[in-house]
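# Structure assessment
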Amino acid sequence: MTVRMNNVGIVVEDLTAAIEFFRVLGLELEGQGAVEGEWAGRVTGLGTQRVEIAMMRTPDGHSRLELSRFLEPAVIADHRTAPVNALGYLRVMFEVDDIDATLTRLRAHGAELVSDEVVRYEDVYRLCYLRGPEGILLGLAEALH
């Protein structure tokens, strides 16, 4: 049996700002458009819906992030400021070549570390969690060679 992750979805209020943030991180905009119609509502169980989406792709082409802005129906819950130990989806982690340079770029777009430091996991990774656009929780990992 073959299983491959297609994408991870994140709902945002400001699609333009989220696209720019993830571009700065290093993802590429694969496509952007609207999702609506009876078929879409049947998939999500929301009935009538109108959603603007942007599909972001990692440079290697293996991973995607779907950014969605719901126009209809209205968003009914907000989990963006939930702590790291909240139930449900936690975060998306990206492996980067240079965590310090990446943080410098992302901070210019409002990113803030969850704690005050980048930590080292043995001789394997340097890791951190950060809040990105609209408080979205992300992780960064830099492999130590």
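Below is a short write-up of the structure. What you see is a predicted model; the values in this text were computed from it and never measured. (Residues numbered from 1 in each chain as written. Predicted model: local features only at pLDDT ≥ 70, side-chain atom pairs only at ≥ 80, totals over all residues. Heavy atoms only, no water.)

### What to know about the overall build of the protein chain
- On a plain count of helices and strands, the protein chain comes out with three helices and nine strands.
- Mapped in sequence order, the helices and strands of the protein chain form the string β-α-β-α-β-β-β-α-β-β-β-β.
- Here the protein chain has a C-alpha radius of gyration of 16 Å; the compact-globule value for 145 residues is 15 Å, and the two agree.
- Overall, the protein chain is about 50 × 35 × 30 Å in size when its C-alpha atoms are taken along their principal axes.
- For the protein chain, the proportion of its 145 residues judged to be buried stands at 31%.
- Across the protein chain, the fraction of contacts at a sequence separation of at least 24, relative to all contacts at a separation of at least 6, is 57%.
- Total accessible area on the protein chain stands at roughly 9,400 Å², and carbon and sulfur atoms take up 51% of it.
- One finds the centroid of the 14 positive side-chain charges in the protein chain at a distance of 3 Å from the centroid of its 23 negative side-chain charges. (Helix = DSSP H or I, 4+ residues; strand = E, 2+ residues; numbered from the N terminus. Rg over C-alpha atoms; globule rule 2.2 N^0.38 Å. Buried < 20%, exposed > 50% of the residue type's maximum accessible area, 1.4 Å probe, protein only. Contact = heavy atoms within 4.5 Å. Areas by Shrake-Rupley, 256 points an atom, 1.4 Å probe, with all protein chains shown as cover. Lys, Arg positive; Asp, Glu negative; His and termini not counted. Charge placed at Lys NZ, Arg CZ, Asp CG, Glu CD.)

### Side note on the pattern of salt bridges
- What the rule picks out here adds up to nine salt bridges.
- Residue Arg-50 is joined to Glu-72 by a salt bridge in which the shortest nitrogen-to-oxygen separation is 3.5 Å. Of this pair, Arg-50 sits in strand β3 (residues 50-57) while Glu-72 sits in strand β4 (residues 64-72), and the two are 22 residues apart along the sequence.
- Ionic pairing is found between Arg-69 and Glu-52, a salt bridge with its closest N-O pair at 2.9 Å. Linking Arg-69 in strand β4 with Glu-52 in strand β3, this pair joins segments that are 17 residues apart in sequence.
- Residue classification places Glu-52 among the partly exposed positions, given a relative accessible area of 29%.
- Connected via shared salt-bridge partners are Glu-28, Glu-30, Arg-57 and Arg-64. (Salt bridge = Lys/Arg side-chain N within 4 Å of Asp/Glu carboxyl O.)

### Some points on the nonpolar core
- Phe-22, Leu-65, Leu-67, Phe-94, Leu-130 and Leu-140 are the most contacted members of the largest nonpolar core, which totals 26 residues.
- In terms of residues, this core owes the most to one element, helix α1 (residues 15-25), which gives seven residues. (Core = buried A, V, L, I, M, F, W, Y, C linked by side-chain atoms within 4.5 Å.)

### Comments concerning unusual backbone geometry
- Here the bond from Glu-72 into Pro-73 is cis, since omega is -5°, no more than 30 degrees from zero.
- With respect to the secondary-structure elements, Pro-73 resides in the loop between β4 and β5 (92-95).
- Even without being a glycine, Glu-122 presents a positive backbone phi close to 45°.
- Mapped onto the fold, Glu-122 is located in the loop between β7 (119-121) and β8 (125-131).
- In this structure Glu-122 comes out as exposed when scored by relative accessible area, which is 54%.

### Structural notes on helix α3 (residues 99-107)
- What α3 keeps buried is the set Ile-99, Thr-102, Leu-103 and Leu-106. Each buried residue of α3 sits inside an arc of 100° when the element is viewed along its axis, so together they form one side.
- On its buried side, α3 packs onto α1, β6 (112-113), β8 and β9 (137-143).
- Capping the start of α3, Asp-98 holds a side-chain oxygen 3.1 Å from the backbone nitrogen of Asp-100, two or three residues further along. (Arc of directions from axis to C-beta. Polar contact = N/O pair within 3.5 Å; in protein donor to acceptor, adjacent residues only side chain to side chain.)

### Some words on the sheet that holds β4
- If you trace the four strands from one edge of the open sheet to the other, you get β1-β4-β3-β2, paired in mixed fashion. With one partner strand each, in any of the chains shown, β1 (8-11) and β2 (28-36) form the two edges of the open sheet. The average undirected angle you get between the axes of adjacent strands in this sheet is 20°.
- Relative to β4, β1 runs parallel, the two sharing four bridges. Paired with Ile-10 across the two strands is Leu-67, which belongs to β4. (Pairing = 2+ DSSP bridges. Axes fitted to C-alpha atoms, helices over the stretch in contact; angles between N-to-C directions.)

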